[in-house]
Amino acid sequence: MSAEIPTEEEAVALELPKGMPVLVALRVICSDGGRPIEAMLMTKAAHRYRMLYRLQVPQEEEAAGEAA
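Residues numbered from 1 in each chain as written. Predicted model: local features only at pLDDT ≥ 70, side-chain atom pairs only at ≥ 80, totals over all residues. Heavy atoms only, no water.

J.: Before we go on, may I ask you to explain the pattern of salt bridges in this structure?
T.: Summed over the entire model, instances satisfying the criterion amount to 1 salt bridge. Linking Arg27 and Glu38 is a salt bridge whose minimum nitrogen-to-oxygen distance equals 3.8 Å. Linking Arg27 in strand S2 (residues 22-30) with Glu38 in strand S3 (residues 36-45), this pair joins segments that are 11 residues apart in sequence. Owing to a relative accessible area of 37%, Arg27 belongs among the partly exposed residues under this scheme. (Salt bridge = Lys/Arg side-chain N within 4 Å of Asp/Glu carboxyl O. Helix = DSSP H or I, 4+ residues; strand = E, 2+ residues; numbered from the N terminus. Buried < 20%, exposed > 50% of the residue type's maximum accessible area, 1.4 Å probe, protein only.)

Put into structure tokens, the structure is as follows:
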């Protein structure tokens, strides 16, 4: 994710005041086998969004079992 100054086209489409930044995020969703099945590039008006991410992290025992 990054904060950027929008292009003129993005600013018009999002109805942004001049100089208002956007949040740009690339999201890739993978199958259970790890193959990418969806990719999305999102551009959002920074002042209209609060991002919250929850990532599931395997427990040490699960990670060790996958490595074996």
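On we go.
J.: Would you take a moment to explain the confidence of the model for the protein for this structure?
T.: Detailed reading of the predicted coordinates is not advisable wherever pLDDT falls low. For the protein, the average pLDDT comes to 86, and 88% of its residues sit at 70 or higher. The least confident element of the protein is helix H2 (residues 60-67), whose mean pLDDT is 62; the most confident is helix H1 (residues 8-13), at 94. (pLDDT = per-residue confidence, 0-100.)

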